[in-house]
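# Observations on the model geometry
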Amino acid sequence: MNHIGNTANETAGDPAGSAVTTTARIVTDVLQPRNVLLTGMLGIGLAAAGHWTGLLWGLLGALCAGLIPAGYIEWERKRGTWGDRHVVDRTQRAPIFFVILGSIGTGSMIMVLGGAPTPILVAMLGLWVMTIGLLAVNTVWKISVDSAVASATVALLAAVHSPWWLAAYSLTAAVCWSRVALSYHTVAQTLAGASLGGATTIAFLFVS
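Residues numbered from 1 in each chain as written. Predicted model: local features only at pLDDT ≥ 70, side-chain atom pairs only at ≥ 80, totals over all residues. Heavy atoms only, no water.

## Considerations on the packing of helix α4 (residues 53–78) against helix α5 (residues 94–114)
Running from N to C, α4 and α5 point in directions that differ by 160°, and their axes come no closer than 9 Å. Judged by the angle between their axes, α4 and α5 are roughly antiparallel. Judged by the sense of rotation from one axis to the other, the crossing of α4 with α5 is right-handed. The residues of α5 that touch α4, namely those facing Trp57, Leu60, Gly61, Leu63, Cys64, Ala65, Ile68, Pro69, Tyr72 and Ile73, are Pro95, Ile96, Val99, Ile100, Ser103, Ile104, Gly107, Ile110, Met111 and Gly114. (Axes fitted to C-alpha atoms, helices over the stretch in contact; angles between N-to-C directions. Helix = DSSP H or I, 4+ residues; strand = E, 2+ residues; numbered from the N terminus. Parallel < 35°, antiparallel > 145°, perpendicular 65-115°, else oblique. Left-handed = near helix turned anticlockwise from the far one by under 90°. Contact = heavy atoms within 4.5 Å.)

If you want it as structure tokens, here you go:
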């Protein structure tokens, strides 16, 4: 919370800096993981199934990968564990990753039992493995989760739906910019997150 306050104080006397900060906050809030995953997983589910029932699988994926973890973060925030959803201190992030792993794992099992389309199952596997990567890196270095999720969602949509979705990497770039502009991450941390997110599509190489 102090981190955000310091950023605001630094730009209070600079209209241009204040405008950049305001824009960055809007971008990072609108394109936060839960929103990106809700939209992205619905699209992945629809493309995977080829009809409206895919939206239900997509909603399940969004619930497990994005909404439940976001709810957990909000719950801990209200308890005073963290100042806001950004959890600036990387040493406090491990519980979040474990919640995400458990939630995605549970959702994946439901999908398997329910006969979900293979592409959305593979997408869930990619997100699960990505989370393990984020957790591993986070133990020694702060990596951008927002950038990773934004990149993974675009990459998965391109793999499941159409390569034209790669154009949406402009939104991933905007997320990376906003995280750096708000001083939540360095350029290297956002690029590392985006690279790890893009690597989720490797999971599709194992699907015949």
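## Considering the pattern of salt bridges
If you walk through the whole model with that rule in mind, you get four salt bridges. For the salt bridge of Arg85 with Asp146, the shortest nitrogen-to-oxygen distance reads 3.3 Å. In this pair, Arg85 is assigned in the loop between α4 and α5 and Asp146 in helix α7 (residues 145–160), connecting sequence segments 61 residues apart. Here Asp146 and Arg179 are joined by a salt bridge, their closest N and O atoms 3.6 Å apart. Pair noted here: Asp146 is in helix α7 and Arg179 is in helix α8 (residues 169–181), with a separation of 33 residues, a long-range link. Owing to a relative accessible area of 7%, Asp146 belongs among the buried residues under this scheme. (Salt bridge = Lys/Arg side-chain N within 4 Å of Asp/Glu carboxyl O. Buried < 20%, exposed > 50% of the residue type's maximum accessible area, 1.4 Å probe, protein only.)

## Quick look at the environment of Gly50
Within the secondary structure, Gly50 is located in the loop between α3 (33–49) and α4. With a relative accessible area of 61%, Gly50 lands in the exposed category. For the pair Gly50 and Ile120, spaced 70 residues apart in sequence, the C-alpha separation works out to 12 Å.

## Regarding the side chain of Asn138
Assignment of secondary structure puts Asn138 in helix α6 (residues 118–138). For Asn138, a relative accessible area of 4% gives the class buried. Excluding anything up to four places from it in sequence, Asn138 contacts Arg90, Arg93 and Phe97.

## Observations concerning the nonpolar core
Ranked by internal contacts, the top residues of the largest apolar core, which has 43 residues, are Met41, Ile44, Ile120 and Leu127. Of all the elements in the fold, those that place two or more residues in this core are α3, α4, α5, α6 and α7. (Core = buried A, V, L, I, M, F, W, Y, C linked by side-chain atoms within 4.5 Å.)

## Examining α5
Structurally, the α-helix is built with 3.6 residues per turn, so residues lying three or four positions apart point the same way. In this model, α5 (21 residues) spans 30 Å end to end at C-alpha, consistent with the 30 Å of a helix rising 1.5 Å per residue. Close packing links the buried residues of α5 with α4, α6 and α7. (Expected span 1.5 Å × (residues − 1).)

## Some thoughts on a nonpolar patch on the surface
A grouping of Leu38, Leu59, Leu63, Leu67 and Ile68 is seen on the molecular surface, where their side chains present a nonpolar patch of about 360 Å² in accessible area. Counting residues per element, the nonpolar patch draws most heavily on α4, which supplies four residues. Along the chain, the position of Leu63 falls in helix α4. The class for Leu63 is partly exposed, based on a relative accessible area of 36%. (Patch = residues over 30% accessible without salt bridge, like charges linked within 9 Å, V, L, I, M, F, W, Y side chains within 5 Å. Areas by Shrake-Rupley, 256 points an atom, 1.4 Å probe, with all protein chains shown as cover.)

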